[in-house]
Amino acid sequence: MTRPALSAVAELLKPITWFPPMWAFGCGVVASGLPAGERWQVVLLGVLLAGPLVCATSQAVNDWFDRHVDAINEPQRPIPSGRMPGHWGLYIAVVWTVLSLLVATALGPWGFAAAALGLLLAWAYSAPPLRLKANGWWGNSACALCYEGLAWVTGAAVMAGGAMPDLRSLLLAGLYSAGAHGIMTLNDFKSVDGDRRMGIASLPVQLGIARAGRVACWVMAVPQVVVVALLAHWGAPAHAALVGMLLGAQLMLMSRLLDDPRARAPWYNGTGITLYVLGMLVSAFALRALGGDLT
């Protein structure tokens, strides 16, 4: 049996996509208010699980079940290009799923449950019969939850030995997950042609390019407005002001994005989304300054 090159395996697992859940996990660690130095092994293991394992699994699963769509949108990808022969894409997805669950056992019941939920959503997103990505509202929600909220809450919980984060941390995790739905929409612009031909109702397909761009911007911006209000209400005005400044910069960038959403989505991912995730970290430090997120 022909085996794929290690470079093709690495490309299948898309390391560039690992950053968001790893960052969100780190934000949860910060928000916990607990010293990471005392539990550095847990932090390291959690970051490994969030990115190179669970997120990488989701990429392998998606590439396998999207191989026909990728043949139109991204024919250079490992599977449609033939560099990942036979069923190797599926085999890697299954092996990475099992490996992720095994590693997750070291994070205790909460870490294992979070990893299991993330993996379940990863398969549900791409694989039939659910194939949540067939509808942009559902598919983007699943991705946003895994990439931001679930990783944040897991980071906070494992630092506390499995204790549930308090309402403040849960609210921030939920708000940044909601905003990430818009980020997922931006990622769909690159695959509009193949999605239309293969019957995938992403938001750019459902709403059209211009309208989907406006919806994505609103979805990213409104939760951050709520974050600013909450931080100010909780007694962290400096952090609230900084998140507000980051949001203001995003709004200026959004005006340029909306001139041509399809062409400028990659540019915005490197600029506006950077400001978005910096706001997440500022919010996490706000909770830390307020005394952490434990009850």
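Rules and cut-offs
Residues numbered from 1 in each chain as written. Predicted model: local features only at pLDDT ≥ 70, side-chain atom pairs only at ≥ 80, totals over all residues. Heavy atoms only, no water. Helix = DSSP H or I, 4+ residues; strand = E, 2+ residues; numbered from the N terminus. Rg over C-alpha atoms; globule rule 2.2 N^0.38 Å. Areas by Shrake-Rupley, 256 points an atom, 1.4 Å probe, with all protein chains shown as cover. Lys, Arg positive; Asp, Glu negative; His and termini not counted. Charge placed at Lys NZ, Arg CZ, Asp CG, Glu CD. Patch = residues over 30% accessible without salt bridge, like charges linked within 9 Å, V, L, I, M, F, W, Y side chains within 5 Å. Salt bridge = Lys/Arg side-chain N within 4 Å of Asp/Glu carboxyl O. Buried < 20%, exposed > 50% of the residue type's maximum accessible area, 1.4 Å probe, protein only. Disulfide = S-S within 2.5 Å. Expected span 1.5 Å × (residues − 1). Arc of directions from axis to C-beta. Contact = heavy atoms within 4.5 Å. 1 Å grid on protein atoms, 1.4 Å probe; cavity = no way out; pocket = protein on both sides within 12 Å on 5 of 7 lines; lining within 4 Å. Points joined across faces, edges and corners; volume = space filled by probe spheres on them. Nonpolar A, V, L, I, M, F, W, Y, C, P; charged D, E, K, R; others polar.

Asker: Give a description of the overall build of the protein chain that names residues and reports values.
Answerer: Along the backbone of the protein chain there are 14 helices and zero strands. Of the regular secondary structure in the protein chain, the N- to C-terminal order runs α-α-α-α-α-α-α-α-α-α-α-α-α-α. Compactness check: the protein chain gives a C-alpha radius of gyration of 19 Å against a globular reference of 19 Å for 295 residues, within 12% of the reference. Along the longest, intermediate and shortest principal axes, the C-alpha atoms of the protein chain span 60 × 45 × 30 Å. For the protein chain, the accessible surface area stands at approximately 12,700 Å², while carbon and sulfur atoms represent 70% of it. Counting 18 positive and 14 negative side-chain charges, the protein chain places the averaged centre of each group 3 Å from the other.

Asker: Give a description of a nonpolar patch on the surface that names residues and reports values.
Answerer: A cluster of nonpolar side chains, namely Met164, Leu167, Leu170 and Leu171, defines an oily patch on the protein surface of about 350 Å² accessible area. Assignment of secondary structure puts Met164 in the loop between α8 (136–159) and α9 (167–188). Assessed through its relative accessible area of 45%, Met164 is described here as partly exposed.

Asker: If you had to explain the state of the cysteines to someone new, which residues and values would you point to?
Answerer: Across all of its chains, the model carries zero disulfides by this definition. For the unlinked cysteine Cys27, the closest cysteine sulfur is that of Cys55, found at 15 Å. On the basis of relative accessibility, which here comes to 0%, the residue Cys27 falls in the buried class.

Asker: Requested: an account of unusual backbone geometry, with residues and values cited.
Answerer: In this structure, Pro129 follows Pro128 across a cis peptide bond, with omega equal to 10 degrees. Here Pro129 lies in the loop between α7 (108–126) and α8. A positive phi angle, close to 40 degrees, is found at Arg131, a residue other than glycine. For Arg131, a relative accessible area of 17% translates into the label buried.

Asker: Could you give an account of helix α13 (residues 237–257), naming the residues involved and the relevant values?
Answerer: Look at α13: 30 Å from first C-alpha to last across 21 residues, which is about the 30 Å you get at 1.5 Å a residue. Taken as a whole, α13 has its buried residues at Ala240, Val243, Leu246, Leu247, Gln250, Met254 and Leu257. Projection of α13 onto a plane perpendicular to its axis shows the buried side chains occupying an angular sector of 125 degrees, all on one side. Turned more than 90 degrees away from the buried face of α13, the exposed residues are Pro237, Ala238, Met245 and Met252. Buried-residue contacts for α13 involve α9, α12 (209–233) and α14 (261–289).

Asker: Which residues make up the pattern of salt bridges, and what values do they have?
Answerer: Under the definition given, this model contains nine salt bridges. For Lys133, the salt bridge goes to Asp66, with nearest N and O atoms at 2.3 Å. Residue Lys133 is found in the loop between α7 and α8, and its partner Asp66 is found in the loop between α3 (40–65) and α4 (67–73); the two are separated by 67 residues along the sequence. With respect to class, Lys133 is no different from Asp66; both count as buried. The shortest N-O distance in the salt bridge between Arg262 and Asp193 comes to 3.1 Å. Of this pair, Arg262 sits in helix α14 while Asp193 sits in helix α10 (residues 192–198); the two residues are 69 residues apart in sequence, bridging distant segments of the chain. Look at Arg262 and you get partly exposed, because its relative accessible area is 33%. A relative accessible area of 41% means that Asp193 is categorised as partly exposed. Several salt bridges converge on common partners, so that one network encompasses Glu11, Lys14, Asp63, Arg77 and Arg83.

Asker: How would you sum up the layout of surface pockets? Please name residues and give values.
Answerer: Estimated volume of the second largest pocket: approximately 150 Å³. Lining the second largest pocket we find Arg214, Cys217, Trp218, Ala221, Val222, Val225, Leu247, Leu251, Met254, Ser255 and Leu258. Looking at the lining of the second largest pocket, the elements that each hand over two or more residues are α12 and α13. The element contributing the most residues to the lining of the second largest pocket is α12, with six residues. Class assignment for the residues of the lining of the second largest pocket results in nine nonpolar, one polar and one charged.

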